[in-house]
Amino acid sequence: MVFVCGYVVHIAYEASGRAAWSILVSSVNGSPWEMTKPFALVYIMFVFIELSCLRPSLLHFVCSKIIMLHGFAFLSVILLAVFGKTTFLVIFVSLCVSEFLSYGINKSKCRIELFWIPIFISFVLFFAVLLFASVYPPNIFPFI
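Residues numbered from 1 in each chain as written. Predicted model: local features only at pLDDT ≥ 70, side-chain atom pairs only at ≥ 80, totals over all residues. Heavy atoms only, no water.

## Let's talk about the side chain of E34
- Note on placement: E34 falls in helix 4 (residues 32-54).
- Owing to a relative accessible area of 4%, E34 belongs among the buried residues under this scheme.
- Among the polar contacts made by the side chain of E34, one reaches the side chain of K37 at a distance of 3.2 Å.
- Setting aside chain neighbours within four positions, we find E34 in contact with S26, S27, V28, N29 and S134. (Helix = DSSP H or I, 4+ residues; strand = E, 2+ residues; numbered from the N terminus. Buried < 20%, exposed > 50% of the residue type's maximum accessible area, 1.4 Å probe, protein only. Polar contact = N/O pair within 3.5 Å; in protein donor to acceptor, adjacent residues only side chain to side chain. Contact = heavy atoms within 4.5 Å.)

Written as structure tokens, this is what we have:
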């Protein structure tokens, strides 16, 4: 479901006639970061849906999801750089791996919630880069 909704957000830039709002959420170019961005945003939104449906231990669940959000972004950017032409297969595999590992972390006895402050700070920074790196992309590897 995350993949299908992420694909819809991915094509929103072209479908909206290149509207200004779509620059923040959709893929603007073919860089690895831009290909990952809409799927990461949908991943974040689906965490809220999972929280309302599953009602897990809040801090432990959210920490595991944030860690694997970073894992998804890292894995997909690296794989997109290596296998550039198979973009949606790479995104799908990265999403499946990150979802599987996040549920594994959530079910484990690992007390990741002890590190909730740095995990939350990393999420805030990630979210800021997620939204604003399209408007003013730095001239470094994943953004070009």
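## Structural notes on the environment of I78
- Mapped onto the elements, I78 comes out in helix 5 (residues 58-82).
- Overall, I78 belongs to the partly exposed group, its relative accessible area being 35%.
- Counting along the chain gives 62 residues from I78 to I140, while the straight-line C-alpha distance between them is 14 Å.

## Details of the nonpolar core
- Within the largest apolar cluster, 32 residues are counted, with the highest numbers of intra-cluster contacts made by W33, Y43, L69, L95, F126 and L130.
- Sorting the residues of this core by element identifies helix 4, helix 5, helix 6 (87-107) and helix 7 (116-132) as the ones contributing at least two each.
- Ranked by the residues each element gives to this core, the list is headed by helix 4, at eleven residues.
- Not counting the four nearest positions on each side in its chain, L69 is found in contact with A40, Y43, I44, F123 and F126. (Core = buried A, V, L, I, M, F, W, Y, C linked by side-chain atoms within 4.5 Å.)

## What to know about the packing of helix 4 against helix 7
- Taken N-terminus to C-terminus, the directions of helix 4 and helix 7 make an angle of 125°; their axes are 10 Å apart at the nearest point. Overall, the two elements helix 4 and helix 7 adopt an arrangement that is oblique. In this structure, helix 4 crosses over helix 7, and the sense of that crossing is left-handed. Each of W33, K37, A40, L41 and I44 in helix 4 lies in contact with helix 7, whose residues at this interface are F123, F126, F127, V129, L130 and L131.
- Grouping the constituent residues of the contact of helix 4 with helix 7 by class yields ten nonpolar, no polar and one charged. (Axes fitted to C-alpha atoms, helices over the stretch in contact; angles between N-to-C directions. Parallel < 35°, antiparallel > 145°, perpendicular 65-115°, else oblique. Left-handed = near helix turned anticlockwise from the far one by under 90°. Nonpolar A, V, L, I, M, F, W, Y, C, P; charged D, E, K, R; others polar.)

## What to know about the confidence of the model for the chain
- Of the residues in the chain, 99% reach a pLDDT of 70 or more, and the chain-wide mean stands at 90.
- Highest mean pLDDT in the chain belongs to helix 1 (residues 2-10) (94); lowest belongs to helix 3 (residues 20-25) (87). (pLDDT = per-residue confidence, 0-100.)

## Let's talk about a nonpolar patch on the surface
- A cluster of nonpolar side chains, L59, W116, I117, F120, I121, V124 and L125, forms an exposed patch at the surface whose accessible area comes to about 670 Å².
- With six residues, the top contributor of residues to the nonpolar patch is helix 7.
- Looking at the secondary structure, you find W116 in helix 7.
- We classify W116 as partly exposed; its relative accessible area is 42%. (Patch = residues over 30% accessible without salt bridge, like charges linked within 9 Å, V, L, I, M, F, W, Y side chains within 5 Å. Areas by Shrake-Rupley, 256 points an atom, 1.4 Å probe, with all protein chains shown as cover. Salt bridge = Lys/Arg side-chain N within 4 Å of Asp/Glu carboxyl O.)

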